[in-house]
Amino acid sequence: MNENKCECSGRIKKRGDDEYKKLINRLNRIEGQVRGIRKMVENDAYCTDVLVQVAAANAALNAFCRELLSNHIHTCVVEDIKNGKEETVDELVQVIQRLMK
């Protein structure tokens, strides 16, 4: 399992190898898409062609967020509620509100 401490909150999330690999693979693809967009701009690609690639990168980031949020709900949120930490629901609502901006 991968265990990393978040510098912003001090909390950690123990991810199984499968979840970790899926998330990292998605991020690697997104990183490649963003590098491709940069190259398009550097090579003076036509605006709409760049915009289409930006939309694809945004869709990939949204898919990453959906997967991470689903994993979070099924693991962290469920565990916290079982342990009586109902404030986790408020935190989840705040996160969803930020994602929907």
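1. What about the overall build of the protein?
Argument step 1. Tallying secondary structure elements over the protein gives three helices and two strands in all.
Argument step 2. In sequence order, the protein lays out its α and β elements as β-β-α-α-α.
Argument step 3. Relative to the globule expectation of 13 Å for 101 residues, the C-alpha radius of gyration of the protein, 17 Å, shows a markedly less compact shape.
Argument step 4. Reported as C-alpha extents along the three principal axes, the dimensions of the protein are approximately 55 × 30 × 20 Å.
Argument step 5. Taking all contacts inside the protein whose residues are at least 6 apart in sequence as the whole, residues at least 24 apart take part in 37%.
Argument step 6. On the protein, roughly 8,000 Å² of surface is accessible, and the fraction owed to carbon and sulfur atoms is 54%.

2. Some details on helix α2 (residues 47-82)
Residues spaced three or four apart along an α-helix face the same direction, because each turn holds 3.6 residues.
Argument step 1. Its 36 residues place the ends of α2 51 Å apart at the C-alpha level, agreeing with the 52 Å of an ideal helix rising 1.5 Å per residue.
Argument step 2. At isoleucine 73, α2 shows its strongest bend, of approximately 35°.
Argument step 3. Close packing links the buried residues of α2 with α1 (17-42) and α3 (87-99).
Argument step 4. Phi turns positive one or two residues past the end of α2, at glycine 84, with a value near 80°.

3. Details of the confidence of the model for the protein
Argument step 1. On average, residues of the protein carry a pLDDT of 92, and 91% of them reach 70 or more.
Argument step 2. Within the protein, strand β1 (residues 2-5) has the poorest average pLDDT of any element, 51, and α1 the best, 97.

4. As for the packing of α1 against α2
Argument step 1. Their axes nearest at 10 Å, the elements α1 and α2 cross at an angle of 165°. Judged by the angle between their axes, α1 and α2 are roughly antiparallel. Here α1 and α2 pass one another in a crossing that is left-handed.
Argument step 2. The residue inventory of the contact of α1 with α2, partitioned by class, reads 15 nonpolar, three polar and five charged.

5. Quick look at the pattern of salt bridges
Argument step 1. Scanning all chains against the criterion turns up seven salt bridges.
Argument step 2. Here arginine 26 makes a salt bridge to glutamate 67, at a shortest N to O gap of 2.5 Å. Taken as a pair, arginine 26 in helix α1 and glutamate 67 in helix α2 lie far apart in primary sequence, 41 residues in all.
Argument step 3. For arginine 26, a relative accessible area of 24% translates into the label partly exposed.

Calculation notes
All residue numbers refer to positions counted from 1 along the written sequence of the respective chain. Totals for whole chains, interfaces and linings use all residues, but because this is a predicted model, local features are given only for residues with pLDDT of at least 70 and pairs of side-chain atoms are given and counted only at 80 or more. Calculation of side-chain values draws on the structure's entire complement of heavy atoms; hydrogens and water are dropped beforehand. Runs of H or I in DSSP of at least four residues are treated as helices and runs of E of at least two as strands, each being numbered from the N terminus. Our radius of gyration is a C-alpha quantity, and the globule rule it is checked against amounts to 2.2 Å times the number of residues to the power 0.38. Note on definitions: a residue-residue contact is assigned when non-hydrogen atoms from the two residues lie within 4.5 Å. Surface accessibility follows the Shrake-Rupley procedure with a 1.4 Å probe radius. Residue values consider only the protein chains on display as shielding. Given the number of residues in a helix, its expected span is that number minus one, multiplied by 1.5 Å. Here the bend at a residue is taken as the angle between two axes, fitted respectively to the seven residues that end there and the seven that start there. Note: pLDDT gives the predictor's confidence per residue, expressed from 0 to 100. Interaxial angle, 0 to 180 degrees, is taken between N-to-C directions of lines fitted to C-alpha atoms, where a helix line uses only the stretch in contact. Here roughly perpendicular refers to angles of 65 to 115 degrees, roughly parallel to angles under 35, roughly antiparallel to angles over 145, and oblique to all remaining angles. Crossing handedness follows the turn of the near helix against the far one: under a right angle anticlockwise gives a left-handed crossing, and clockwise gives a right-handed one. When residue character is reported, Ala, Val, Leu, Ile, Met, Phe, Trp, Tyr, Cys and Pro are called nonpolar, Asp, Glu, Lys and Arg charged, and the others, Gly included, polar. A pair is scored as a salt bridge if a Lys or Arg side-chain nitrogen falls within 4 Å of a carboxyl oxygen belonging to Asp or Glu. Burial here depends on accessible area, computed with a 1.4 Å probe over protein chains only, as a share of the maximum for the residue type. Under 20% is buried, over 50% is exposed, and the range in between is partly exposed.

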